[in-house]
Amino acid sequence: MSPAGYIAAALLVPAAGAAGIALAGRWPNLREGVTLATAALLFACVLGLLPTVLGGSLPQLFVLEMLPGIALGFRVEPLGMLFALVASGLWIVNSVYSIGYMRGNDEPHQTRFYVCFALALAATMGIAFSANLLTLFLFYEMLTLVTWPLVTHHGDDEARKGGRVYLGVLLGTSIVLLLPAVIVTWVVAGTLEFTPGGILGGKTSSAALGALLALYMFGVGKAALMPMHRWLPAAMVAPTPVSALLHAVAVVKAGVFAVVKIIVYVFGTGTLAATSASDWLPTVAGFTIIAASVVALRADNLKRRLAYSTVSQLSYVVLAVAILAPLSVIGAALHVAAHAVGKITLFFAAGAIYTAAHKTEVSQLDGIGRRMPWTLGAFAIGALSMIGLPPAAGFVSKWYMLSGALQAEHWVAVAVIAGSTLLNAAYFAPIVYRGFLRAPAGPAHGEAPLPMVIALVATAGATLALFFFPQVPLALAGALQGG
Amino acid sequence: MQAFASHYTYWVTVLLLGAGLYIMIARGNLVKKLVGLSIFQTSVYLLYIAPGKLIGGTAPIVSEAYQVYSNPLPHVLILTAIVVGIATLALGLAIVVRIREAYGSIEEDEIVAADAQAGDGR
Amino acid sequence: MIAAHLPALAVVVPLAAAPLIVLVRHAGAAWALAVAAAWFSFGASLALAAQVADAGVVSYAMGNWPPPWGIEYRVDALSAFVVVLVSAIGAAVAPYALKSVAAEVPGELRYLYYAMHCLCLAGLLGMAMTGDAFNLFVFMEVASLAMYVLIALGRDRRALLASYQYLLLGTIGATFYVIGVGVLYLQTGTLNIADMAARLPAVAGGRPAPAALAFITAGMSLKLALFPLHLWLPNAYAYAPSAATAFLAATATKVSVYVLLRFHFSVFGESAVTALLPMPEILIALSIAAIVTASLVAVWQADFKRLLAYSSVAQIGYITLGIGLATRDGLTAAVVHLFNHGITKGALFLLAGGIVLRAGGARFENLRGLGRSMPLTALGITLAGLSLIGVPGTAGFISKWYLVLGAIEAGMWWLAALVVLTSLIAVVYVWRFVEAAYLSEPGEAAPRPGEAPMPMLVVSWLMVAACLWFGFDTSFTVGGASRAAQLLLGGAP
């Protein structure tokens, strides 16, 4: 199949899968079979693109002209390739996990759940492969809308409230800030294509560039830059597989992916470095990192703590790319992958604990590691990655970020990275400590259902593997710089 | 004064227009509102017809004997407009009949009150 | 042979169908006739649009009397665009009406519904195609009278009062229009719109021209329900039979917008209008008031059809806002939104009609749990609602794109901000429906599980599909609208 064919397949396979899941809704085993087959097929399609992208070319697919001069088009560049690989690969694992979780907890509306999940992946692929801002915006909004039914899955008052915050913040920021930013870019630059080196260079003043950058950075609400982060804790009312794949990987990574793409391909790091337009951004990102870590430290609900950890980790990516140093941009790209595998492991573990022991608060977790050793072991590896210690993937990306910050002599960033590492340790270490070293309380129970354990061990393994074999992500991240 | 006298048809037009509109707004009786509407529309007939008349002119007959004649087009137009006006009036009255059947009244305030009362029970 | 007479045939066929239906009197046969006439008009309109795309302007001398003495039918890029919208909606609603009207209109009156549908269609098409200002008035009244009847056929007694109020206000609007035309006629001595445009500059100096402009603008503003002249609209839309609401909401106000555009830009010309009256400022101020107040009022409605009606007032505000900008992009936004909002609101009212049929009403207690009892209807309303908000991938987004673009290019940043901010109010009222349908347990007033009858569902979903289709493929909508905008601003067609 030609590269363009792979792109089309990557978009159509999950969409067709959604239709198949809906049709197979009456037979749960068949339905889950369709989900797994779709996930595997999607991963194969994305893998099919990898050699081409690693070979240095950019496969393209042009569908139609949506507006005069603006196409609905796709182009696979290295960062999008990395994002698509991570999202589609983790979807397979997450589907296995979902089967265990949804059945183990007797969740309602399972067909709707799997349909929306497949659609969310279709939207994610659209974001990852988008060739211009309009295509990105289209799939960005689609992702918000198809994940809303997943956030409000339980249909109770809490879900309704969470859904309102989720939709309000994400749709609000994208319509009020992102859409005007896109239109202004179109007016100023006359194009919306992602172009190495940016499209705004020399087109407008430094002040206007700064204002536009602010519209973009806060408009991409999915990147959860404070004060636009409230939707992420609100989304935690969703079933855990949703929090794991979407609100630790697909949706939030779509946000930071958009941020990186906009800074690298719309503004251009060179353009921004030559002006003072982005000087404020590292400060805002740094503030988000520290503030979210402090909130996480005080949160007793496990999923809430993980959500604020995600807010903080996302801003690492924003911070790294905002420093504009070549090494830190590589770090940003790597962190997209590293955080994904680590955080999904943590959420998998949280969901496994909920399914097996019905515990949701950190203070209830005494001795949980003795009853669920695999789960808490995986959790510990995920936590290592979040803190940024070897031998976990987080160490690699953090290393690059820190090197970039030092290279650029950006001392605020260095201080933020160092300080937040301590904070990360402060809110993850007690959980592991409680789980393994305190005496268990309450009725006895074992591990969660087998599919869940398999899934979380697999992602924990991936977290370690990315530390030892970071070649592919590194090659892609490096190619991003090469243009 | 000259302008007033030579343009008196316009003043009548404006008077009818204002009177018709006033009746439509000020009267609560649905039939009287329709009367106002008719008066309002009549003002337009005058607006079109009056300028078409030439003093001393005849009907537009194609003949050497008649050099000065009135413009026939406004008459034709207003004939159409009158038909439209009658259709509107007839439809309006028909609706008023139906309203009286449904509400037992043709006073606007009573009808609104009846709806408000029924609205509470819904 | 037929190709040369398309402008006349598109109007005459539904016009002739109406008395035929009254003679037939049988509801089923009446329906069949109405469907045939509506689809004929649609086909003729499409063929006509193709001719216009080739030739630029199609001129047809009615009865072979050459213009400017005879009545000319003059179809250019703008009228072709409006004609396609109107006839498409007419063709879609006619097949839908069978089951909906059977459920909402008493048996002995049903044939009248179809007669009025044909009359209304003929009137609206005539308004959009005629090149004669007085003929336009006649068609306006034909369409309006048919509309009053359609609304009065609603089964709620409040439909009668709504129809009566619309009759009064609509007649005032039409009479204002005809006063304006009369003054222009006295000034220029012609009723042919193109001829009038040519002669007007010579006499535009005095007081009559601004008076005529003011009368026509006020009259058409009433007809198109520009805030604060919109008071007739919510009740009329809420209590009319569902099929009639869908037809009227998608077409009637849009054709009035067309007339306003025609007089402001083709007859007077943009610069002349601005010199006579501060039209852009008035339009922008009223549009903003319409968008903000009507959207907010919509949020609090207890009845879904009324909610949609108030949303229409707000959406008309977006159209007139584009007209007020009076730039190429602003006018493109106005014309494209005319179409996009037409199909979006058409789809929404059609689906709401299905709910009325199944649940006996469309109040919010009827909508609870709709996601389970009528899943396809609920999904359709959600998708069309996204188009109302202006989410990318739907027709509404295209309108919003051009509107914001127009505002930014005119340097009116605050206006661009206002347009996107008010979209959020639309999110609120659309999500009221979504939460009721998907996150509420069905109550006593909710319908028993089961969709609306198949023909209604199919037509509604075709319209929903159009909302999505025109969000991606915009060559027809944006192409047509930008040609129309260019034409209005005096460029080559």
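Keep in mind it's a predicted model, so treat the numbers as computed, not measured.

**A short note on the domain arrangement of chain C**
Residue and element names in this part refer to chain C.
In step 1: You can read the domains of chain C as domain 1 (1–277) and domain 2 (278–493).
In step 2: Averaged C-alpha coordinates put domain 1 and domain 2 at centres separated by 22 Å.
In step 3: Each partner contributes to the interface: domain 1 provides 49 residues, whereas domain 2 provides 49 residues.
In step 4: Together, the buried faces of domain 1 and domain 2 total about 4,300 Å²; carbon and sulfur atoms form 81% of this surface.

**Focus: the arrangement of the chains**
In step 1: Contact analysis covers 2 pairs of chains in contact, and the most contacts occur between chains B and C.
In step 2: With respect to C-alpha atoms, chain A approaches chain B no nearer than 27 Å, and the pair has no contact.

**Brief notes about the packing of aromatic side chains**
Residue and element names in this part refer to chain A.
In step 1: Per the stated rule, a full pass over the model turns up 37 aromatic pairs over all chains.
In step 2: Measuring from ring centre to ring centre gives 6.3 Å for Y97 and Y101, while their planes differ by 20°; the resulting arrangement is stacked. In this pair, Y97 and Y101 both sit in helix α3 (residues 78–104), 4 residues apart, roughly one turn of the helix.
In step 3: Using a relative accessible area of 0% as the deciding quantity, one classes Y97 as buried.

**A look at the confidence of the model for chain C**
Residue and element names in this part refer to chain C.
In step 1: On average, chain C scores 90 in pLDDT, and the residues at 70 or more come to 99%.
In step 2: Put simply, helix α11 (residues 270–276) is where chain C has its lowest mean pLDDT, 78, and helix α5 (residues 133–152) is where it has its highest, 94.
In step 3: For this predicted complex, the interface score ipTM comes out at 0.92, alongside a pTM of 0.93.

**A few points about helix α6 (residues 158–188) of chain C**
In step 1: Counted at 1.5 Å a residue, the expected span for α6 of chain C with its 31 residues is 45 Å, and the 44 Å between its end C-alpha atoms agrees.
In step 2: Of the residues trailing α6 of chain C, G189 of chain C is marked for its positive phi of about 75°.

**Remarks on the pattern of salt bridges**
In step 1: Per the stated rule, a full pass over the model turns up 17 salt bridges over all chains.
In step 2: In this structure, E32 of chain A engages R31 of chain A in a salt bridge whose closest nitrogen and oxygen atoms are separated by 2.8 Å.
In step 3: Accessibility expressed as a relative area gives 3% for E32 of chain A, which makes it buried.
In step 4: What makes R31 of chain A buried here is its relative accessible area of 5%.
In step 5: Several salt bridges share partner residues, and in doing so they unite D157, R160 and R164 of chain A together with E435 of chain C into one network.

**Concerning a nonpolar patch on the surface**
In step 1: A cluster of nonpolar residues, L402, L406 and W411 of chain A, forms a patch on the protein surface that exposes about 300 Å² of accessible area.
In step 2: Here L402 of chain A shows up in helix α16 (residues 393–407).

Conventions and cut-offs
Residues numbered from 1 in each chain as written. Chains lettered and ligands numbered in written order. Predicted model: local features only at pLDDT ≥ 70, side-chain atom pairs only at ≥ 80, totals over all residues. Heavy atoms only, no water. Domains from an automatic or database assignment. Contact = heavy atoms within 4.5 Å. Buried area = accessible area lost by both parts, 1.4 Å probe. Phe/Tyr/Trp six-rings, centres within 6.5 Å; stacked < 30°, edge-to-face > 60°. Helix = DSSP H or I, 4+ residues; strand = E, 2+ residues; numbered from the N terminus. Buried < 20%, exposed > 50% of the residue type's maximum accessible area, 1.4 Å probe, protein only. pLDDT = per-residue confidence, 0-100. Expected span 1.5 Å × (residues − 1). Salt bridge = Lys/Arg side-chain N within 4 Å of Asp/Glu carboxyl O. Patch = residues over 30% accessible without salt bridge, like charges linked within 9 Å, V, L, I, M, F, W, Y side chains within 5 Å. Areas by Shrake-Rupley, 256 points an atom, 1.4 Å probe, with all protein chains shown as cover.

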